[in-house]
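Chain by chain, the residues:
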Amino acid sequence: MFYLSWINGEVVIKNVNDCFTETGTIGISEDIAVIAGIGGRVSSICINEGCYVEAGQVIAELDARELINEKNAHMQSMVSWESQKRDALKQENREKRKLQAELDSTRLELTRLNTQKELKQRDWENAQTLYAGQALAQNDLENARQAQEAASLAVQNAEIQIAFLENQLADSFSAEG
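Rules used in this analysis
Residues numbered from 1 in each chain as written. Predicted model: local features only at pLDDT ≥ 70, side-chain atom pairs only at ≥ 80, totals over all residues. Heavy atoms only, no water. Axes fitted to C-alpha atoms, helices over the stretch in contact; angles between N-to-C directions. Helix = DSSP H or I, 4+ residues; strand = E, 2+ residues; numbered from the N terminus. Parallel < 35°, antiparallel > 145°, perpendicular 65-115°, else oblique. Left-handed = near helix turned anticlockwise from the far one by under 90°. Nonpolar A, V, L, I, M, F, W, Y, C, P; charged D, E, K, R; others polar. Core = buried A, V, L, I, M, F, W, Y, C linked by side-chain atoms within 4.5 Å. Buried < 20%, exposed > 50% of the residue type's maximum accessible area, 1.4 Å probe, protein only.

**Section: the packing of helix α1 (residues 64–132) against helix α2 (residues 138–174)**
Contact geometry of α1 with α2 gives a least axis separation of 7 Å together with a crossing angle of 160°. In terms of orientation, α1 lies roughly antiparallel with respect to α2. Crossing geometry of α1 relative to α2 is assigned as left-handed. Its residues assigned to classes, the contact of α1 with α2 comprises 18 nonpolar, 12 polar and 10 charged.

Given below as structure tokens:
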């Protein structure tokens, strides 16, 4: 009869000269935990039960399909998230450009309205002079006053609109930081 023994890193075959019979339990002197770094389904076991293994030796292989599918799903979600983020930034930039265009347009309109206000102010002043000299009817004087007030209100409204648009633009830029 013979047995296999592990001596200095080699398997050695030895003969058994003495035989004896005993009742008992054979076990190992130290339990070692084997922990996989990732979870998954075992596709193959690379060792036989009871054989000796060395540190770093592959004892089982996981099914790579599950890992690949999981990785692909994760990558797809990252691509989707990046795409949504990019689309949101594009939309935000479109809205900022639209606000800036509206602000620029309103500033131009304010320039036109200020010119109109100055003209209506001169008309009002001329109407007062003419009315004082009895060369203008009271109804015409009242029309000149109302036109001057309407021009002033239009300027104020444009100034309010500009302040509102400037605040919206400032808020949109401060939200980035």
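There is more to say after this.
**Here's the deal with the nonpolar core**
Membership of the largest hydrophobic core is limited to 9 residues, which are L99, L103, L110, L113, V155, A158, I162, L165 and L169. When residues in this core are grouped by element, the largest group, 5 residues, is from α2.

**Some details on unusual backbone geometry**
One non-glycine residue with positive phi stands out, namely Q134, at about 60°. Tracing the sequence through the fold places Q134 in the loop between α1 and α2. Residue Q134 is classed as exposed on the basis of its relative accessible area of 74%.

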